[in-house]
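Residue strings, one per chain:
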Amino acid sequence: MAGPTGGNANPINVINNGAMNSRQWAVVVLMVLLNALDGFDVLSSAFAAPGITADWGIPRSELGIVLSAELVGMGFGSVLLGGAADKFGRKVTMIACLVLMAAGMWLAGHANGVPDMFAYRFLTGIGIGGMLAATNAVTAESTNNKWRKAAIAVYVAGYPLGAILGGIAASEWLLDTYGWRGVFDFGAIVTAALIPVVWLVVPETAAYHAGKENLDGVNKTLGAFGKEPIAALPPGATDAASKPKVTDILSNPRLRPVTLLLAFGYMFHTITFYYILKFAVQIVADYPPGYEPSDAATVLTWANVGGFFGSALFGFVMARFGIRWPTALALLIGSVMVVSFGFGRSSLGAWQWATILTGFFTNAAISGYYAAFARGFPAYARATGTGFVLGVGRLGAAGSPLIAGALFGLLGDSELLVVSIIMAMGSVVSLFLFLMLPEREGDELVEAPSDPVPDKL
């Protein structure tokens, strides 16, 4: 490689404005796979739910506690380990999260009661929460301006992709051959296998190194991505007095409204989103005439088929029409689909189509939010901001099965439509909050001179 020729160019702009090379695409593909792993690990308890219910003889209210455990853990993991990704690095944080996830999955496969299962799923959730914050930051920071929105959308599509592949494995092989415990053991093995892959393939991001004033690290990453090295960091990068702090996400008057709108908007949408993902299998298994657990599990697989295509295609929609209105439309239609789910279906095929359509639009809205996360926070606090938003969002995710379980307990299992209408309202509230978001990039928000009202997405 030639000597430094880039002067004191901003390394973030070098990535933003340069062409994508094969190493960058390899990182994006691996981030998709890691998100797929998260998707399977999160939904493994849903695939196992009918078997757990049958083995332990627990009602839906107690099942809701089991199904919420990893979501509670994800909230803690997103906040605690999202901050770790900004402090210690994205790569180290991802590897630590994989270790936690593998341990939690393996232990869950050997749990003997609700308290044990809650603890092990909580541990798994901590790893998943940190992983989501770190991988979203890596995807955003390893791609250029041209491909970033599409890459983030495909990255988000990895989540339902993992659930699809996991659902096929669960319904066609694991549940019938190894029972519900085999679902967790399988997840633990795959998780552990990805640890060395991350270590070998993913370089620490240039944006992280720049924030730590590490010129050698910046140039190492630029070299891995086929970019010319820079001779020095931009003026001000080493000025500790002027350097922004990650606490700016709440203390900075420009970033605080973005942070709160993203956090609570995402939280309300996850209330709706996880209602289908966590209860669809149990609802179909119980709905007259009733279905075997392995057959009922197929609806979750098909929900994630819809989610995969919704997420993947939505990136190209955002590239053409922007983030704001496509996401708002996805939130609106997704809420209608959840209400429609509550009318029930007379055949397994009809249930599958209902979950395909629901998954398509609710996952498309998730893609819109993740694109907004990458856009809304400056590079120095991207993982922290994303982690905070995901952490607050997990309150909705964790609360979703608890709320739905309580509603079924209060109203009765037969009141599927009423419960579905109530649960769909989360996405409606999210729609209004999303429309209030400012448009500017996070870096522009903290650097721009004062102006009266930011533009909208």
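Values in this document were obtained by computation on a predicted structure and should not be read as measured data. (Residues numbered from 1 in each chain as written. Predicted model: local features only at pLDDT ≥ 70, side-chain atom pairs only at ≥ 80, totals over all residues. Heavy atoms only, no water.)

(A) Structural context of the pattern of salt bridges. On inspection of all chains with the given rule, the structure shows three salt bridges. Residues R121 and E70 are paired through a salt bridge, measuring 3.4 Å at the closest nitrogen-oxygen approach. Residue R121 is located in helix α5 (residues 114-141), and its partner E70 is located in helix α3 (residues 60-87); the two are separated by 51 residues in the primary sequence. When its relative accessible area of 0% is taken as the criterion, R121 is described as buried. With a relative accessible area of 0%, E70 lands in the buried category. Close ionic contact of D86 with R90 constitutes a salt bridge, the shortest N to O distance being 2.6 Å. (Salt bridge = Lys/Arg side-chain N within 4 Å of Asp/Glu carboxyl O. Helix = DSSP H or I, 4+ residues; strand = E, 2+ residues; numbered from the N terminus. Buried < 20%, exposed > 50% of the residue type's maximum accessible area, 1.4 Å probe, protein only.)

(B) Molecular detail of the packing of helix α14 (residues 324-341) against helix α17 (residues 416-434). As a packed pair, α14 and α17 sit with axes 7 Å apart at the nearest point and diverge in direction by 175°. Regarding the angle of α14 to α17, the classification is roughly antiparallel. Taking contact as the criterion, the partners of R324, T327, A328, L331, L332, S335, V338, V339 and F341 in α14 are, on α17, L416, L417, S420, I421, A424, S427, V428, S430, L431 and F434. Within the contact of α14 with α17, the residues separate by chemical class into 13 nonpolar, five polar and one charged. (Axes fitted to C-alpha atoms, helices over the stretch in contact; angles between N-to-C directions. Parallel < 35°, antiparallel > 145°, perpendicular 65-115°, else oblique. Contact = heavy atoms within 4.5 Å. Nonpolar A, V, L, I, M, F, W, Y, C, P; charged D, E, K, R; others polar.)

(C) Summary view of the packing of aromatic side chains. In this structure the tally under the stated criterion is 21 aromatic pairs. Seen from their ring centres, Y266 and Y369 are 5.7 Å apart, and the 65° between their planes marks the pair as edge-to-face. Highlighted residues: Y266 in helix α12 (residues 255-286) and Y369 in helix α15 (residues 348-376), separated in sequence by 103 residues. No difference in accessibility class separates Y266 from Y369, as the two residues are buried. Here Y369 and F373 contribute two aromatic rings whose centre-to-centre distance is 6.3 Å and whose plane-to-plane angle is 45°, an arrangement assigned as tilted. Taken together, the residues span about one helical turn, with Y369 and F373 both in helix α15 at a distance of four residues. F373 gets classed as buried once you look at its relative accessible area, which sits at 0%. Among the aromatic residues, those joined into a cluster by ring pairs are Y155, Y266, Y369, Y370, F373 and F434. (Phe/Tyr/Trp six-rings, centres within 6.5 Å; stacked < 30°, edge-to-face > 60°.)

(D) Quick look at unusual backbone geometry. That bond from P288 to P289 is cis: its omega, 10°, falls within 30 degrees of zero. Residue position: P289 is located in the loop between α12 and α13 (293-321). Residue E213 is not a glycine yet carries a positive backbone phi of 60°. If you trace the backbone, E213 turns up in the loop between α9 (206-211) and α10 (215-224). On the basis of relative accessibility, which here comes to 34%, the residue E213 falls in the partly exposed class.

(E) Structural view of the confidence of the model for the protein chain. Of the residues in the protein chain, 91% have a pLDDT of 70 or more, and the chain-wide mean is 84. Mean pLDDT per element in the protein chain: helix α18 (residues 442-447) is the minimum at 50, and α17 is the maximum at 96. The model gives residues 238-242 a pLDDT under 50, and that stretch makes three contacts with residues more than four places away or in other chains. In this model residues 449-457 is a low-confidence stretch, pLDDT under 50, and it forms 21 contacts with partners more than four residues away in sequence or in other chains. (pLDDT = per-residue confidence, 0-100.)

(F) Summary view of α14. Its 18 residues give α14 an end-to-end C-alpha distance of 26 Å, which sits within 8% of 26 Å, the value for a rise of 1.5 Å per residue. Here α14 has its buried residues at R324, P326, T327, A328, A330, L331, G334, S335, M337, V338 and F341. Those residues of α14 that are buried are in contact with α12, α13, α15 and α17. (Expected span 1.5 Å × (residues − 1).)

(G) View of the packing of helix α2 (residues 22-56) against α5. Taken N-terminus to C-terminus, the directions of α2 and α5 make an angle of 160°; their axes are 10 Å apart at the nearest point. One element, α2, and the other, α5, form an angle in the roughly antiparallel class. The way α2 lies across α5 gives a crossing that is left-handed. The segment α2 lies against α5, with V27, M31, L34, N35, D38, D41, V42, S44, S45, I52 and W56 engaging V114, M117, R121, I128, M131, L132, T135, V138 and T139. (Left-handed = near helix turned anticlockwise from the far one by under 90°.)

(H) Up close: the nonpolar core. By size, the foremost hydrophobic cluster in this structure holds 134 residues, and its most contacted members are M31, L34, M94, L262, Y274, Y275 and Y370. Considering every element that reaches this core, the biggest residue donor is α12, with 19 residues. If near-sequence neighbours (up to four positions away) are discounted, M31 is found in contact with M94, T135, V138, T139, Y155 and V202. (Core = buried A, V, L, I, M, F, W, Y, C linked by side-chain atoms within 4.5 Å.)

(I) Geometry of the environment of N112. By the element assignment, N112 lies in the loop between α4 (90-108) and α5. Along the chain, N112 and D248 lie 136 residues apart, while their C-alpha atoms are 44 Å from each other. When neighbours within four sequence positions are excluded, N112 is seen to be in contact with W56 and R181.

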